Amino acid sequence: MREIVLDTETTGLDPLRGDRLVEIGCVEILNRMPTGQTFHVYINPERDMPAEAFAVHGLSSEFLATKPLFHEVVDEFIAFIGDAPLVIHNASFDISFINAELDRIKKAAIPRDRLVDTLLLARRKHPGVSNRLDDLCSRYAIDNSHRTKHGALLDAELLAEVYIDLIGARQSQLILASDSEEIRVNVTGEITRRQRAVPLAPRISDAEREAHRAFIATLGDKAIWNEFLPAPAVSPAG
């Protein structure tokens, strides 16, 4: 299954009051594993950058002034996400900005039934505690030391790692990988053990084998394991 982990940066908190997108970052996941395919773009918001927003992501009006407008990158963005589910932390925030930009250029909104909100997932799994992205990285031992400011692509990459742990997919992958190296199931449903390509070197020396045979010989014919030995072969009548 293909999923897209997505994050955005903006000029503020409310697209209905004129705040705009300034960055989109996306990470592709296939069967709950990052593929390495990403989409990332800075966007000229055609407005100033409030000091509060600049303190969060560090994207200045001067830096963004040379970047493309949303309508210039939207087709590439839509092509990348395709019809995949969108994995977003606090999804209602990001999708409201994306849909506001789509509405400005008369394109169809992204339906909310495509969204997987990792904040809601985290609150169900870890109730009563903070579930910010930094908190989840700490909880799942994901290194976010390079996250000094918010960045859409960096945050999407971290969220992809968090999401895999949050839904238990990483543990399942480790179990399946371990099992697949040890056993195989044939078409009849029987489990067969995988054989080593090169047998391990013997760990018992010839002297130890000889000493074991000598010890067994002292136990006589009534030793219990003799009952499980195969019957001696009978020579055909000559």
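See the structure shown above.
Here is what the cut-offs are and how they apply
Residues numbered from 1 in each chain as written. Predicted model: local features only at pLDDT ≥ 70, side-chain atom pairs only at ≥ 80, totals over all residues. Heavy atoms only, no water. Phe/Tyr/Trp six-rings, centres within 6.5 Å; stacked < 30°, edge-to-face > 60°. Helix = DSSP H or I, 4+ residues; strand = E, 2+ residues; numbered from the N terminus. Expected span 1.5 Å × (residues − 1). Buried < 20%, exposed > 50% of the residue type's maximum accessible area, 1.4 Å probe, protein only. Arc of directions from axis to C-beta. Pairing = 2+ DSSP bridges. Salt bridge = Lys/Arg side-chain N within 4 Å of Asp/Glu carboxyl O.

Chemist: Explain the packing of aromatic side chains to me, and be specific about the residues and the numbers.
Modeler: If you walk through the whole model with that rule in mind, you get four aromatic pairs. The interplanar angle of 85 degrees and the centroid separation of 5.0 Å between the aromatic rings of Y42 and F63 together place this pair among those described as edge-to-face. Of this pair, Y42 sits in strand β3 (residues 33-42) while F63 is found in helix α2 (residues 61-64), placing the two residues 21 residues apart along the sequence. Ring geometry for F93 against F97: centres 5.0 Å apart, planes inclined by 50 degrees, an arrangement best described as tilted.

Chemist: Outline helix α3 (residues 70-81), listing residues and values.
Modeler: Here α3 spans 15 Å end to end across 12 residues, near enough to the 16 Å set by a 1.5 Å rise per residue. Taken residue by residue, α3 has F70, V73, V74, F77, F80 and I81 as its buried positions. Viewed along the axis of α3, the buried residues span an arc of 135 degrees, placing them on a single side of the element. With respect to the buried face of α3, the exposed residues turned more than 90 degrees away are E72, D75, E76 and A79. The first or second residue beyond α3 is G82, which carries a positive phi of 55 degrees.

Chemist: How would you sum up the pairing of strand β2 (residues 21-30)? Please name residues and give values.
Modeler: The buried fraction of β2 is high, at nine of 10 residues. Here nine bridges tie strand β1 (residues 2-10) to β2, and the two strands are oriented antiparallel to one another. By the bridge assignment for β2, T8 is matched with I24.

Chemist: Talk me through the pattern of salt bridges; I want residue IDs and the actual numbers.
Modeler: Within the structure shown, the criterion is met by 13 salt bridges. Here E101 and R104 are joined by a salt bridge, their closest N and O atoms 3.5 Å apart. Linking E101 with R104, this pair stays in helix α4 (residues 91-104), spanning three residues, or about one helical turn. For R104, a relative accessible area of 36% translates into the label partly exposed. Between R147 and D134 there is a salt bridge, with its nearest N and O atoms 2.7 Å apart. Of the two residues, R147 sits in the loop between α6 (133-139) and α7 (152-166) while D134 sits in helix α6, which places them 13 residues apart along the sequence. Through salt bridges with shared partners, a single ionic network connects R20, E46, E101 and R104.

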